[in-house]
Amino acid sequence: GAPVLVVAGPARRRRGIHVAVEALAALRVSGPAPHLVMLGAAADDPSEYAAAVRAQAAALGLGNRIHWTWAADEALRESWYRRAVLFLFPAVSDALTFEGLGVACIEAAACGTPVIASRECGAEDAVIHDVTGLLIQPGDAGALAHAIE
């Protein structure tokens, strides 16, 4: 089957789901195209941000490769982490928001899933660059795509 990339958490801009979607579109892979699974956000999430991400995915032709899964249950999250080839934490911060400790990064790593996360957020406390995962500049979809490849 297709490789699975996972993002976890609520559909909020600071989680950087839009960055993951843009990176997915930029990937140059020779095998099956990866799918992105977003844990913790339902497909019918009515928030403005979730609607914007769904529109972005559709505009990029990725609608069939993006999957929204409500995964509040720890066992279900763990099963997705174990199935994933990578866990993505492409958090973005601005003057009003900051993504704190990347607990999901720790959960994914505990399941043996490699992590790619943003610098300048709490993930730096959970990921050691080139040791337990990779750290990229926040908001840089090209860098995220390159790290995934």
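The structure presented is a predicted model; accordingly, all values stated were derived computationally and were not measured. (Residues numbered from 1 in each chain as written. Predicted model: local features only at pLDDT ≥ 70, side-chain atom pairs only at ≥ 80, totals over all residues. Heavy atoms only, no water.)

Draft legend 1. The side chain of Arg 77, seen in detail. Mapped onto the elements of the fold, Arg 77 is located in helix α3 (residues 74–83). Here Arg 77 falls in the buried class, since its relative accessible area comes to 17%. Beyond its immediate chain neighbours, meaning those up to four positions away, Arg 77 contacts Leu 39, Ala 71, Ala 72 and Glu 107. (Helix = DSSP H or I, 4+ residues; strand = E, 2+ residues; numbered from the N terminus. Buried < 20%, exposed > 50% of the residue type's maximum accessible area, 1.4 Å probe, protein only. Contact = heavy atoms within 4.5 Å.)

Draft legend 2. Geometry of the packing of aromatic side chains. For the coordinates displayed, the defined rule picks out one aromatic pair. Geometrically, the ring pair formed by Tyr 81 and Phe 87 is edge-to-face, given 5.5 Å between the ring centres and 90 degrees between the ring planes. Per residue, the accessibility class of Tyr 81 equals that of Phe 87, and both read buried. Taking the ring centre of Trp 68 as reference, the NZ or CZ of Arg 54 above it sits at 5.9 Å. (Phe/Tyr/Trp six-rings, centres within 6.5 Å; stacked < 30°, edge-to-face > 60°. Lys NZ or Arg CZ within 6 Å of the ring centre and 35° of its normal.)

Draft legend 3. Main features of the nonpolar core. With 29 residues, the main nonpolar core has Leu 36, Ile 66, Leu 88 and Leu 144 as its most contacted residues. When contributions to this core are tallied by element, the ones reaching two or more residues are β1 (4–8), α1 (17–26), β2 (35–39), α2 (48–59), β3 (66–69), β4 (86–89) and α5 (141–148). A per-element tally of this core places α1 first, with six residues. For Leu 144, the residues in contact, after removing those within four places along its chain, are Val 19, Ala 20, Ala 23, Leu 88, Pro 90, Ile 116 and Ile 136. Counting 22 residues, the second-largest nonpolar core is a separate cluster that includes Ala 84, Val 115, Val 127 and Leu 135. (Core = buried A, V, L, I, M, F, W, Y, C linked by side-chain atoms within 4.5 Å.)

Draft legend 4. Examining the environment of Ile 106 more closely. Following the sequence through the fold, Ile 106 ends up in helix α4 (residues 103–110). Along the backbone, Ile 106 and Ala 126 are 20 residues apart, and their C-alpha atoms lie at a distance of 6.1 Å. The contacts of Ile 106, once residues within four sequence positions are left out, are Leu 101 and Ala 126.

Draft legend 5. Structural detail: the environment of Leu 76. Along the polypeptide, Leu 76 turns up in helix α3. Leu 76 sits in the partly exposed class, given a relative accessible area of 31%. Separated by 37 residues in the primary sequence, Leu 76 and Leu 39 have C-alpha atoms spaced 9.3 Å apart. Once residues within four sequence positions are removed from consideration, Leu 76 is found in contact with Trp 70 and Ala 71.

Draft legend 6. Spatial organisation of the pattern of salt bridges. Per the stated rule, a full pass over the model turns up three salt bridges. Salt-bridge contacts for Arg 15 lead to Glu 99; the nearest nitrogen and oxygen are separated by 3.5 Å. You can see Arg 15 sitting in the loop between β1 and α1 and its partner Glu 99 sitting in the loop between β4 and α4, a full 84 residues away along the chain. Comparing Arg 15 with Glu 99, the two get one shared label, buried. Here Glu 107 makes a salt bridge to Arg 77, at a shortest N to O gap of 3.5 Å. (Salt bridge = Lys/Arg side-chain N within 4 Å of Asp/Glu carboxyl O.)

Draft legend 7. Structural context of the packing of α1 against α2. α2 packs onto α1 with a crossing angle of 5 degrees between their chain directions and a minimal axis gap of 10 Å. By the angle class used here, α1 and α2 are roughly parallel. Of the residues in α2, those in contact with Ile 17, His 18, Val 21 and Glu 22 of α1 are Tyr 49, Val 53, Gln 56 and Ala 57. The residue inventory of the contact of α1 with α2, partitioned by class, reads five nonpolar, two polar and one charged. (Axes fitted to C-alpha atoms, helices over the stretch in contact; angles between N-to-C directions. Parallel < 35°, antiparallel > 145°, perpendicular 65-115°, else oblique. Nonpolar A, V, L, I, M, F, W, Y, C, P; charged D, E, K, R; others polar.)

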